[in-house]
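Residue-level listing of the chains:
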Amino acid sequence: HEKPGYVLPTPEAAPAAGHGGEASPPAEPAPPAFDAKAVADAAASGDAAAGQKIFSNCAACHSIEPGGPNKVGPNLAGVVGRAKASHAGFNYSDAMKGKGGDWTLVDLAGFIHNPKGFVPGTKMLFPGIADPGDLSNLLAYLSSVK
């Protein structure tokens, strides 16, 4: 033997109960992983009007009119290309302040898809947008408001 030790026996898989000894059906394939870059790329041809309708879900916490007020969240006019945690007068979380960089479409896609996954410790309570089409349309809209 080249290595000290021994091989432990591996138990055989027991047949699933209620299947008469037949093996269990194969598990459903996992959904594809979220691709923030693909969503950001799709925003170039996204439907900004549809994105404006999706933004209605955001409007309870964010204004988007240029020069508009901060609400529970910061004003989002001109957010694309703006430095993270930089909108005047908004009290950002330490986690968001520590993120650094500018808001690219890829970063916005990642954040809006899963806020707490993208910035652990963010104050944003929104759970995120799962649908890539809705998200790319929202990004198209956010890109259109300067």
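Before any of the text, the structure's been laid out above.
Residues numbered from 1 in each chain as written. Predicted model: local features only at pLDDT ≥ 70, side-chain atom pairs only at ≥ 80, totals over all residues. Heavy atoms only, no water.

### As for the overall build of the protein chain
Okay, so step 1: A tally of helices and strands in the protein chain yields 6 helices and 0 strands.
Okay, so step 2: Seen in sequence order, the protein chain has helices and strands lined up from the N terminus as α-α-α-α-α-α.
Okay, so step 3: Burial status across the protein chain gives 32% buried among its 146 residues. (Helix = DSSP H or I, 4+ residues; strand = E, 2+ residues; numbered from the N terminus. Buried < 20%, exposed > 50% of the residue type's maximum accessible area, 1.4 Å probe, protein only.)

### Some details on the pattern of salt bridges
Okay, so step 1: Using the criterion set out here, one finds 2 salt bridges in the structure.
Okay, so step 2: Its salt-bridge partner being Lys 37, residue Asp 41 comes within 3.0 Å of it at the nearest N-O pair. Here Lys 37 and Asp 41 lie together in helix α1 (residues 36–43), a separation of 4 residues that amounts to about one turn.
Okay, so step 3: Residue Lys 37 is classed as partly exposed on the basis of its relative accessible area of 49%.
Okay, so step 4: Between Asp 107 and Lys 84 there is a salt bridge whose closest N-O contact spans 2.6 Å. On the criterion of sequence distance, the pair formed by Asp 107 in helix α4 (residues 105–113) and Lys 84 in the loop between α2 (48–55) and α3 (94–99) is long-range, its members being 23 residues apart.
Okay, so step 5: Residue class for Lys 84 comes out buried when judged on its relative accessible area of 9%. (Salt bridge = Lys/Arg side-chain N within 4 Å of Asp/Glu carboxyl O.)

### Description of the side chain of Ser 136
Okay, so step 1: Tracing the sequence through the fold places Ser 136 in helix α6 (residues 132–144).
Okay, so step 2: Overall, Ser 136 belongs to the buried group, its relative accessible area being 6%.
Okay, so step 3: Apart from the residues within four sequence positions on either side, Ser 136 is in contact with Val 39, Ala 42 and Ala 43. (Contact = heavy atoms within 4.5 Å.)

### Observations regarding the side chain of Asn 137
Okay, so step 1: With respect to the helices and strands, Asn 137 occurs in helix α6.
Okay, so step 2: Ignoring any residue separated from it by four or fewer positions in sequence, one finds Asn 137 in contact with Gly 46, Asp 47, Ala 48, Ala 50, Gly 51 and Ile 54.

### Notes on α1
Okay, so step 1: Regarding α1, the residues found buried are Ala 36, Val 39, Ala 40 and Ala 43. Buried residues of α1, seen end-on, are gathered within an arc of 100° and therefore sit on one face of the element.
Okay, so step 2: Contacts from the buried residues of α1 go to α4 and α6.
Okay, so step 3: Where α1 begins, the side chain of Asp 35 points an oxygen toward the backbone nitrogen of Lys 37, at a separation of 3.2 Å. (Arc of directions from axis to C-beta. Polar contact = N/O pair within 3.5 Å; in protein donor to acceptor, adjacent residues only side chain to side chain.)

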